[in-house]
Amino acid sequence: MALDEYADKTFSRRAMKAEMLDAETELKLAYAWRDQRDEAALHRLITAYMRLAISMASKFRRYGAPMNDLIQEASLGLMKAADKFDPDRGVRFSTYAVWWIKASIQDYVMRNWSMVRTGSTSSQKSLFFNLKRVQARLEREANGRGERLDQHQLRQMIATEVGVPLHDVEMMEGRLAGSDYSLNATQSAEDEGREWIDALVDDGVQAAEIVEHSHDTAALRDWLLAALHSLNDRERFIVRERKLRDDPRTLESLGDELGLSKERVRQLEAAAFGKMRKNLENQSREVLAFIA
């Protein structure tokens with residue numbers, strides 16, 4: 001940790017000593033990179049404005065992220081800005097770079113705030129970074145008028161101020177109110193080491209259901225085998241070829257093999273199914289739940 005802090009300070013001091021670019025030099029460097037892909041010009045442009053990236057990164061320390069990570073993200077935003085900057089637009093590079101640096105840092109903070117995704121839309125991002133500030137200002141203004149706002153009124157005013165739905169404000173308040181907890185943490189000292197994960201409901205198939213399903217499958221298989229054996233050879237052949245193959249045969253192909261018409265094969269098939277059904281019904285009343 002001490003080594004990281006030393007590296008941060010050294011990097012920051014070096015960045016603060018970088019040259020200050022005037023508008024003319026800045027344009028020359030931007031043109032050199034855009035038109036000639038001059039890497040030396042790009043490096044000089046980025047180095048000159050690294051102090052801006054570090055300054056902006058420091059404003060996000062209150063979100064609990066390591067400063068070296070924030071600086072790294074700010075640097076990535078600065079490099080993207082330098083790569084995409086169009087000097088013909090007539091704006092200073094610093095003005096353009098601020099947006100990219102801020103966006104890069106904000107994306108990093110939101111990605112690392114919680115294991116649960118905090119927000120992805122621009123309105124949710126705005127709410128994440130402005131909720132507490134707007135809330136404090138609204139409460140301060142209400143107190144100045146001698147008013148007391150209840151939580152619903154305050155949330156409604158925040159939603160209107162930021163321009164987001166009320167449920168987004170309620171959701172974000174919950175996300176910002178607490179941090180992530182491990183499911184392996186104990187619930188309390190009185191629970192003898194019982195973990196929170198033990199309280200979760202298992203959505204998977206329960207052991208009793210597995211046993212019941214296995215029993216039903218075995219019983220149905222035995223009933224069907226007995227019903228098949230109640231048929232004569234020709235009927236059993238037709239049922240097997242029509243219903244038990246991955247690629248069932250047609251009535252016409254069976255008729256050609258057996259020397260029968262397609263209609264006669266259909267009649268034999270229907271008669272075989274009727275005999276099987278009757279046999280199944282005689283075996284057990286439980287089978288009616290499967291064939292009804």
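For the structure itself, look to the data block above.
A. Geometry of the pattern of salt bridges. Throughout the structure, instances matching the rule amount to 18 salt bridges. A salt bridge links Glu24 to Lys28; the shortest N-O distance between them is 3.6 Å. Pair noted here: Glu24 and Lys28 are both in helix 2 (residues 23-36), with a separation of four residues, about one helical turn. A relative accessible area of 53% means that Glu24 is categorised as exposed. Looking at Lys28, the relative accessible area reads 55%, which means it is exposed.

B. Main features of the packing of aromatic side chains. Scanning the entire structure with this criterion turns up four aromatic pairs. Taking the centre distance of 5.3 Å and the plane angle of 75° together, the rings of Phe85 and Phe93 count as edge-to-face. Exposure remark for Phe93: the relative accessible area of 0% places this residue in the buried category. One aromatic cluster in this structure is built from Tyr49, Phe85, Phe93 and Tyr96.

C. Structural detail: the nonpolar core. In terms of nonpolar packing, the biggest core is built from 48 residues, with Leu70, Leu78, Phe93, Ile101, Ile105 and Val109 touching the most fellow members. Not counting chain neighbours up to four residues away, the residues in contact with Ile105 comprise Met56, Ala57, Phe60, Leu70, Glu73 and Ala74. In this structure, Ala219, Trp223, Ala227 and Ala272 belong to the second largest nonpolar core, which totals nine residues.

D. Region of interest: the packing of helix 2 against helix 3 (residues 39-48). Running from N to C, helix 2 and helix 3 cross one another at 135°; their axes reach a closest spacing of 8 Å. As the angle between them shows, helix 2 and helix 3 are arranged oblique. In this structure, helix 2 crosses over helix 3, and the sense of that crossing is left-handed. Contacts between helix 2 and helix 3 involve Thr25, Glu26, Leu29, Ala32 and Trp33 from the former and Glu39, Ala41, Leu42, Arg44 and Leu45 from the latter. Across the contact of helix 2 with helix 3, the residue classes break down as six nonpolar, one polar and three charged.

Quick notes on the rules
Residues numbered from 1 in each chain as written. Predicted model: local features only at pLDDT ≥ 70, side-chain atom pairs only at ≥ 80, totals over all residues. Heavy atoms only, no water. Salt bridge = Lys/Arg side-chain N within 4 Å of Asp/Glu carboxyl O. Helix = DSSP H or I, 4+ residues; strand = E, 2+ residues; numbered from the N terminus. Buried < 20%, exposed > 50% of the residue type's maximum accessible area, 1.4 Å probe, protein only. Phe/Tyr/Trp six-rings, centres within 6.5 Å; stacked < 30°, edge-to-face > 60°. Core = buried A, V, L, I, M, F, W, Y, C linked by side-chain atoms within 4.5 Å. Contact = heavy atoms within 4.5 Å. Axes fitted to C-alpha atoms, helices over the stretch in contact; angles between N-to-C directions. Parallel < 35°, antiparallel > 145°, perpendicular 65-115°, else oblique. Left-handed = near helix turned anticlockwise from the far one by under 90°. Nonpolar A, V, L, I, M, F, W, Y, C, P; charged D, E, K, R; others polar.

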